[in-house]
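Observations on the three-dimensional arrangement
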Amino acid sequence: MSSQLIDGKAIAASIKEELKAQVASLPSPPGLATVLVGDDPASHTYIRSKHRLCADLGMQSLHHQLPADATQEEVEAVVRQLAEDPGAHGILIQLPLPAHLDEERVLALVPLEKDVDGFHPVNVGRLAMKGRRPEFVPCTPAGCMRLLERSGVPLKGARAVVVGRSNIVGLPMALLLNHADATVTIVHSRTVGLDEILGQADIVVAAIGKANFIRGEQLKPGCCVIDVGINRTDSGLVGDVDFETVRQVAAHVTPVPGGVGPMTLIMLMENTLKAAQKSFQVRELQAGGAG
Ligand code: NDP
């Protein structure tokens, strides 16, 4: 069997066109504010690509750069100021923050309606609860869900295995699959019997950070594999799954690059647009109430 590729680049491009039209219909452009503490080159690259995509979509972006030794108070002051800024519809704090900063306290300062990364503790809590809806869902897992949906992969009743339990990817991914009525298992570095668990999975989401970690021999024939991993190796960028062996077994697989990465970015833009739409609605209601 040779897999069907899930083309994240093409799916993200089609969503981009949909978003562009919606942006153009707003009274003023949505604004995304990014905050970066320190000089990590990879973080700079991510931030640049976010700003470039904003410009492509006709959205505004503003960037706050703080030194690696910025104090908790300095970082919090920037976030507080952005929280009050009506032009910043979405606020993104580039993670991870340097170890001396209290990440939870910084994230909690982002107003719920501007939490386009979906990392505010209230949004995370709502995502974990039955019958509750977060304002925003974290972008990478939201992008993975969109890839599954657009590829027609059945979710209801499917056995899904999420490899990794990080706050950014693994955990919210498992929660979203649970909301979609998949039967979800989370595995991690302490899991015993990984092969047996993977061998039963209809859907595998790999978010580990280890190059080519999951191999085709471990998988159930006909499964769907979403590879979140981004690993820089001597032979270039690779995912967490061994693409060549996995594509012999799986019915669907995402490539790296060109799978989940472009979806993460476009989901951030979608969340920012949604934040702006809501803020314009609130303003209209207030204007109506005043008149
Ligand atoms: P983390 O390092 O925060 O989490 C990795 C997870 O993998 C942990 O839960 C860890 O388990 C688990 N793990 C490690 N070793 C094993 C093992 N041998 N068997 C099973 N599980 C294991 O990484 P992130 O979640 O932040 O990122 C994961 C990958 O996704 C990275 O490559 C990252 O670059 C990429 N990424 C890609 C994005 C995109 O847009 N495409 C966005 C975000 C991340 P434990 O909890 O026990 O330590």
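See the structure shown above.
Residues numbered from 1 in each chain as written. Predicted model: local features only at pLDDT ≥ 70, side-chain atom pairs only at ≥ 80, totals over all residues. Heavy atoms only, no water.

Thoughts on the sheet that holds strand 2 (residues 31-37)
The test is simple: Note on pairing: two strands pair once DSSP finds at least 2 bridges between them. Helix and strand assignments follow DSSP, with helices taken as H or I runs no shorter than four residues and strands as E runs no shorter than two, numbered in order from the N terminus. Lines fitted to C-alpha atoms define the axes, with helix axes restricted to the stretch in contact, and inter-axis angles between N-to-C directions lie between 0 and 180 degrees. A contact between two residues is defined here by any heavy atoms of the two lying within 4.5 Å.
Strand order across the open sheet formed by three strands is 3-2-4, with parallel pairing between neighbours. At either end of the open sheet lies a strand with only one pairing partner, and these are strand 3 (60-66) and strand 4 (90-93). Adjacent strand axes in the sheet meet at a mean angle of 15 degrees, parallel and antiparallel pairs treated alike. Sheet analysis places strand 2 next to strand 4, joined by four bridges and oriented parallel. Following the sheet pairing, Thr34 is matched in strand 4 by Leu92. Docked against the sheet, helix 2 (residues 41-57) engages strand 2, strand 3 and strand 4, running at close to 160 degrees with respect to strand 3. On the sheet, helix 3 (residues 72-84) packs against strand 2, strand 3 and strand 4 and is oriented at approximately 165 degrees with respect to strand 3.

A few points about the site of the ligand
Note the threshold: Any residue with a heavy atom positioned within 4 Å of a molecule or strand is treated as near that molecule or strand. Polar contact is the term for a pair of N or O atoms within 3.5 Å; when the atoms are in protein, one must be able to donate a hydrogen and the other to accept it, and sequence-neighboring residues count only if both atoms are side-chain atoms. For accessible areas, the Shrake-Rupley method is used with a probe of radius 1.4 Å. Any residue's cover is judged against the shown protein chains and nothing else. Residue polarity follows a fixed list, in which Ala, Val, Leu, Ile, Met, Phe, Trp, Tyr, Cys and Pro are nonpolar, Asp, Glu, Lys and Arg are charged, and the others, Gly among them, are polar.
Lining the immediate surroundings of the ligand are 20 residues, of which Arg165, Ser166, Ser189, Ile230 and Thr264 lie closest. Separating an oxygen atom of the ligand from a side-chain N or O atom of Arg165 is a distance of 2.7 Å. Note that an oxygen atom of the ligand is positioned 3.1 Å from one of the backbone N or O atoms of Ile230. Contact with the protein chains covers 71% of the free accessible surface of the ligand, which is 930 Å². Ranked by residues supplied to the shell around the ligand, first place goes to helix 10 (residues 260-290) with three residues. Of the residues belonging to the shell around the ligand, the class tally is eight nonpolar, ten polar and two charged.

Observations concerning empty space enclosed by the protein
Basically, it comes down to this: We place a 1 Å grid over just the protein atoms. Points where a 1.4 Å probe fits but has no way out form a cavity, open points with protein on both sides within 12 Å along at least 5 of 7 lines form a pocket, and any residue with an atom within 4 Å of a point lines it. Grid points are joined across faces, edges and corners, and a volume is the space filled by probe spheres set on the points.
The tally for this structure, following the rule as stated, stands at one cavity of 30 Å³ or more. Here the largest cavity is characterised by a volume of approximately 40 Å³. Around the largest cavity, the lining residues are Ile91, Leu92, Ile93, Leu107, Val110, Asp115, Asp117 and Phe119. Sort the elements by how many residues they give to the lining of the largest cavity and strand 4 lands first, with three residues. The class makeup of the residues in the lining of the largest cavity is six nonpolar, no polar and two charged.

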